[in-house]
Amino acid sequence: MKKIYLLLLFTLCSCTLFAQKITISGFVREKGSQEILPYVSVRVPTLNIGTSANAYGFFSLTIPAKEQLELEISQVGYQVKTIRVSAQKNQQITVELSVKNVVLEEVKVNSSQQEKLSEQTQMSLISLPVTQVKAVPAFLGEKDVLKTLQLFPGIQKGREGSTGLYVRGGGPDQNLLILDDATVYNANHLFGFFSVFNGDALKSIEMTKGGFPARYGGRLSSVIDMQMKEGNKEKLTGEFGVGLLSSRLTLEGPLKKEKASFLIAARRTYADALLRPISGGDFPNMYFYDLNMKVNYDLGAKDKIYLSGYLGRDSFSSKDQNYNLAVKNENGFNWGNTTTTLRWNHLFNEKLFSNTSLIFTNFDFKVFNTEESNKGLFSYQYESGIRDFSLKTDFDYLPNYQHNIKAGFLVTAHRFSPKALVLKDSRVDTSSVQSTIINALESAVYVEDLWRINERFSINAGLRLSHFSVNQKNYLNLEPRLSAAYKLPNDAAIKASFARMNQYIHLLSNSGLGLPTDLWVSATDRVPPQTSQQVALGYVKDFSEKNFSLSIEGYYKKMDNIIGYKQGASFLLLDVGPDPQKINAMDWQENVTSGQGKAYGLELMLQRKTGRLTGWIAYTLSKVTHQFAELNDGKEFLPRYDRRHDISIVGIYQLKPMVTFSATWVYGTGNHLSVPIAEGNFNGLDHTGMTSQVSLYDSQNSFQAAAYHRLDLAMKFSKKKKHGERAWEIGVYNAYNRVNPFYYQINQVYDASTRQMGDSKLYRKGLFPIVPSITYSFKF
Amino acid sequence: MKKHSIYLLLMLLLCWGCNGDFLTVEETGVIPSSDAPIVTAFLSPQDTVHTVTLYHTRPAAGNNPYATWEQNVAKSTVTLSNGNQTVKLIPDSFLTGVFKISAKNFKVESDKTYYLSVNTFDGKKAEANCTIPSSVVDTTSISYQLVSGSTSNMNTSYLISWKDIPNQVNYYAVYTISELQDLTKKTAEISNERYQHTIDDVERDGQFLGTPQSFLLSKPNYVAKDRLYIWQIQVLNTDIHFYKFHKDYEIAKQADENPFSEPVMLYSNIKGGFGVMAGYTKAVTYFR
């Protein structure tokens with residue numbers, strides 16, 4: 001046996017010694033703006049080998065030395081470029097790709113568009129071009145990244161209009177949303193009807209829902225990794241848009257020619273500004289805004305520095321005045337995210353690349369009330385939030401075209417402040433601050449290797465070691481990851497993956513609405529981290545001649561220590577008021593319980609990538625079950641968002657070069673709800689002789705709501721103008737006015753003939769009827 | 001305020017169009033609904049009268065049966081049995097839906113199992129059984145402690161404590177009653193009747209237990225010579241049905257006030273209906 005090992009070792013060494021190899025490396029940029037392009041495919045067609053650029057546009061290909069060879073570089077929405085390079089010694093090159101002269105882009109379901117699905121190792125990955133987000137019809141014309149992702153298989157929405165994502169049986173707390181390496185904890189504007197991500201500022205959107213590479217961790221169900229644009233390095237450009245809800249403006253341009261650039265993108269609603277004058281000042285102060293900023297500087301061929309940030313806030317407040325009692329009152333609440341990322345890209349040599357990020361992220365929520373009278377001032381402010389400081393370094397090492405090794409570490413210092421109360425009362429001259437702060441440290445190291453074993457078989461094997469420390473309690477977990485792909489004849493492939501994930505922070509939310517009152521809390525000794533293990537098996541086939549691709553994936557996910565809410569639990573902190581005792585009584589650990597979940601399903605996606613008509617049909621057949629010792633008598637039950645059938649049909653048709661028609665139709669079987677089967681009166685239980693009425697249920701989520709379906713339409717008219725391009729878009733949300741269930745209500749009907757209350761009936765209440773919209777945008 | 005106005009604003013924003021008829025649809029399919037009796041029965045060897053209350057649900061869909069129930073509930077049959085003796089309870093002439101029997105006619109004893117059967121006037125049947133706990137709390141172990149700085153007008157907060165019955169799983173309820181006795185007329189005026197229903201002895205077997213919250217007991221500054229102020233403290237050793245039902249019931253009452261609360265599946269051991277049949281023993285002590 002030893003002899004065989006020695007022989008193998010000798011063979012490997014011989015290959016290394018005698019086959020002279022060279023490395024071609026470099027960056028890929030967009031022609032014109034000089035924007036770095038991530039995940040670009042770089043191939044040598046004659047050798048049938050290739051690689052992908054990383055998230056920072058860097059690629060490296062080590063191949064046998066030759067006189068010359070041709071490189072084919074391609075990316076979604078860009079013209080394929082073939083360049084001839086000398087391959088006798090190591091070379092570093094910069095490749096520029098030109099934007100394709102088409103209005104529509106394609107959606108790809110893998111890391112690199114031009115590589116066929118059958119040539120990818122990774123599965124369960126969605127790469128969504130920003131242009132696609134802008135092409136799909138949207139509520140009030142507000143294009144939304146998260147709502148577009150809801151149209152893909154295995155990803156379900158929550159309540160009507162909500163941006164919440166339920167991925168392969170997981171909850172909305174189990175998604176990691178990253179913007180330029182910074183975690184965004186609350187992605188909701190306007191109670192979750194819109195997400196905080198402004199498509200104008202984004203360059204790339206990637207969502208992983210299974211087969212997670214080892215570089216990702218911290219959540220059970222998905223990772224949504226978004227990168228902001230860097231800004232045009234050549235000239236000042238911009239875009240503004242006016243919609244029914246908000247207006248937006250984006251500006252980008254060079255700070256120093258070919259060295260530094262900036263981007264700034266802002267959005268704000270203006271309902272408050274428009275309605276306040278009409279309502280005589282009584283209209284509540286309601287608005288949201290967000291601001292994305294980024295600057296970058298090329299320090300040289302080997303170093304680049306980026307500084308990016310996001311700032312967003314929602315605010316709702318009202319004032320009233322009682323002139324008789326001379327009392328002024330102001331109350332309201334607001335919430336917002338702030339993120340800042342300082343990134344340093346460093347190229348050690350043609351095979352080793354690193355990115356180091358220093359990250360700050362903060363989410364805070366405040367409820368306040370002030371009452372001012374001639375007796376004095378009384379005010380209280382209730383706050384909660386989470387703040388992180390992180391340091392992260394990732395290395396990309398590409399020793400040869402067969403291996404792409406990634407390794408790195410992440411350290412995050414969390415500061416949870418689930419409750420803080422500030423009370424001031426000048427009437428009795430008191431002021432007090434009560435707060436609960438929990439500090440925790442989360443860290444991880446990982447290594448993974450994308451290994452192309454031969455022309456047909458490739459794997460991505462990785463290992464992640466994660467650690468979490470809070471209140472002297474330590475959790476240490478090893479997370480193995482494996483993806484494998486085997487290429488079949490005729491552009492088909494089978495794929496499989498396994499991933500174990502851990503989640504050390506929990507989101508407490510039982511409104512299901514994406515309210516800012518949802519609390520992020522740490523795992524504790526009483527509430528352990530959530531874990532999951534997921535296996536997936538897939539089949540893909542590319543129909544190149546017909547521009548179709550078919551993807552079928554089956555998955556099974558087991559989740560342990562998932563959070564459930566005990567009977568009667570509520571985390572709606574608006575109800576607390578200025579009562580410290582009531583706040584202290586709301587120990588969240590008392591209101592949650594841990595249990596298990598199982599999810600399995602089958603996802604199909606048929607997609608047409610190019611042509612005048614593009615789009616996709618996505619179908620998901622799935623089942624999710626939960627089991628908690630303290631809920632439903634310990635019996636298994638179907639959680640609210642278990643959805644047996646889920647269908648999305650998306651079509652984008654280019655009627656004329658500058659006129660686009662798009663439509664989406666979605667269908668989902670009804671949610672599972674706990675609806676009272678009766679009201680019960682109980683006499684004298686509290687010994688006051690009074691009758692108390694409580695709702696009676698049979699079992700958890702035993703009622704199935706009506707199915708959800710909706711058709712949205714949009715038509716976009718673009719026109720070249722002297723200084724740019726303008727576009728009008730008209731749209732209709734819920735075109736056939738379907739009353740989709742938002743909630744249910746039992747009402748007694750008044751019988752006019754007997755003048756008595758008659759039968760009780762169950763009513764389905766909708767939220768949005770047919771809603772038309774119109775938006776205008778101008779790009780210069 | 002204030003919290004209410006914020007709350008209202010929130011609800012308004014969320015449901016801006018919900019009440020319009022064009023956004024309301026009556027569900028006509030199979031609607032989960034229950035038209036069943038609600039029965040509550042608490043039996044104790046220390047009670048002089050055994051009482052069962054019979055009420056009805058208001059189904060989620062269909063008629064409210066209140067009027068029919070009010071007219072006919074007395075026609076229902078409610079029986080208690082110990083396996084050997086079966087007695088029929090008599091409808092109370094004043095309290096609708098209340099059925100009673102004197103302890104003289106039906107003896108309830110510790111450690112024995114009792115069976116309840118209900119046949120309603122409209123043909124519904126409900127059954128339940130419970131076993132009375134075997135032990136009674138030692139009355140001499142019951143005491144009270146002043147909660148410092150808690151005096152408010154005539155009422156003062158006290159914590160009640162007692163010794164857990166050892167070597168068994170126990171559930172307790174505590175009642176306090178402030179009683180002003182008229183020594184001349186031999187009458188008593190009860191005030192401040194308070195209770196805590198769900199106390200357990202988990203990890204405290206055989207130890208002194210205390211009420212989680214304090215009780216307000218009346219302590220007037222002046223009492224006339226012919227009057228006497230007495231505090232009556234009852235410590236109930238209850239069965240698990242009593243404990244589970246009251247625990248859920250108290251949560252359910254709070255949850256019904258908050259539309260964002262998780263639903264509560266109210267515990268019941270009544271077959272064919274809702275409610276509870278539970279047993280307890282009672283230790284009573286008086287403090288002057």
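Residues numbered from 1 in each chain as written. Chains lettered and ligands numbered in written order. Predicted model: local features only at pLDDT ≥ 70, side-chain atom pairs only at ≥ 80, totals over all residues.

## Focus on the overall build of chain B
Part 1: For chain B, the count of helices and strands is three helices and 17 strands.
Part 2: Counting across all 288 residues of chain B, residues that qualify as buried make up 35%.
Part 3: Within chain B, contacts between residues at least 6 apart in sequence are counted, and of these 67% link residues at least 24 apart. (Helix = DSSP H or I, 4+ residues; strand = E, 2+ residues; numbered from the N terminus. Buried ≥ 20, exposed ≤ 12 C-beta atoms within 10 Å, placed from the backbone. Contact = placed C-beta atoms within 7 Å.)

## Details of the sheet that holds strand β16 (residues 222-228) of chain A
Residue and element names in this part refer to chain A.
Part 1: With respect to topology, five strands assemble into an open sheet ordered β8-β15-β16-β11-β12, the strand pairing being mixed. Among the strands making up the open sheet, the edge pair consists of β8 (125-127) and β12 (182-183).
Part 2: Pairing analysis gives five bridges linking strand β11 (residues 175-179) to β16, with the strands arranged parallel. Along β16, the bridge assignment pairs N175 with S222. (Pairing = 2+ DSSP bridges.)

## A closer look at the environment of A:S594
All names here are of chain A.
Part 1: Here S594 is to be found in strand β34 (residues 592-608).
Part 2: A residue is classified by how many C-beta atoms lie within 10 Å of it, and S594, with 18 of them, is partly exposed.
Part 3: As a C-alpha pair, S594 and P528 span 66 residues in sequence and 8.1 Å in three-dimensional space.
Part 4: Once you skip the residues sitting within four places of it in the chain, S594 turns out to touch V527, P528, N561, I562 and I563.

## Some words on the interface of chain A and chain B
Part 1: Between chain A and chain B, the contact holds 61 residues from the first and 53 residues from the second.
Part 2: Mapped by element, the contributors of at least two residues to the side of chain A that touches chain B are β21 (303-322), β22 (327-349), β23 (352-373), β39 (678-683), β40 (691-696), β44 (743-751) and β45 (756-765) of chain A.
Part 3: Looking at the side of chain A that touches chain B, the element that brings in the most residues is β45(A), giving eight residues.
Part 4: Residue classes in the side of chain A that touches chain B are distributed as 28 nonpolar, 25 polar and eight charged.
Part 5: Looking at chain direction, β39(A) and strand β3 (residues 49-59) of chain B are connected through three bridges and run antiparallel. Looking across to β3(B), one finds that A:E679 is bridged to B:R58. (Nonpolar A, V, L, I, M, F, W, Y, C, P; charged D, E, K, R; others polar.)

## Some remarks on the domain arrangement of chain B
All names here are of chain B.
Part 1: The domain boundaries assigned to chain B delineate domain 1 (37-133 + 242-282) and domain 2 (139-238).
Part 2: Centre-to-centre separation of domain 1 and domain 2, based on C-alpha positions: 27 Å.
Part 3: Facing the ten residues of domain 1 at the interface are nine residues of domain 2.
Part 4: Elements represented by at least two residues in the side of domain 1 that touches domain 2 include exactly α3 (240-255) and β17 (274-287).
Part 5: Among the residues forming the side of domain 1 that touches domain 2, the class breakdown is five nonpolar, two polar and three charged. (Domains from an automatic or database assignment.)

## Observations regarding the nonpolar core
Part 1: One finds A:L149 and A:I178 to be the most contacted residues of the largest nonpolar core, which totals 81 residues.
Part 2: Look past the residues within four positions of A:L149 in its chain and what remains in contact with it is A:I126, A:L128, A:I155, A:L165 and A:M207.
Part 3: Counting 71 residues, the second-largest nonpolar core is a separate cluster that includes A:F682, A:L685, B:V235 and B:A283. (Core = buried A, V, L, I, M, F, W, Y, C linked by C-beta atoms within 7 Å.)

## Here's the deal with the confidence of the model for chain B
Should the pLDDT be low somewhere, the predicted coordinates at that spot are not to be read in detail.
All names here are of chain B.
Part 1: Looking at chain B as a whole, the pLDDT averages 85, with 90% of positions reaching at least 70.
Part 2: In this model residues 1-9 is a low-confidence stretch, pLDDT under 50, and it forms 21 contacts with partners more than four residues away in sequence or in other chains.
Part 3: This complex was scored by the predictor with a pTM of 0.85 and an ipTM of 0.86. (pLDDT = per-residue confidence, 0-100.)

## Description of unusual backbone geometry
All names here are of chain A.
Part 1: In this model, N632 sits at a positive phi of 55°, which is unusual for a non-glycine residue.
Part 2: Checked against the element boundaries, N632 lands in the loop between β35 (613-628) and β36 (645-656).
Part 3: Phi at D633 takes a positive value of approximately 55°, unusual for a residue other than glycine.
Part 4: The class of D633 is exposed, set by 11 C-beta atoms lying within 10 Å.

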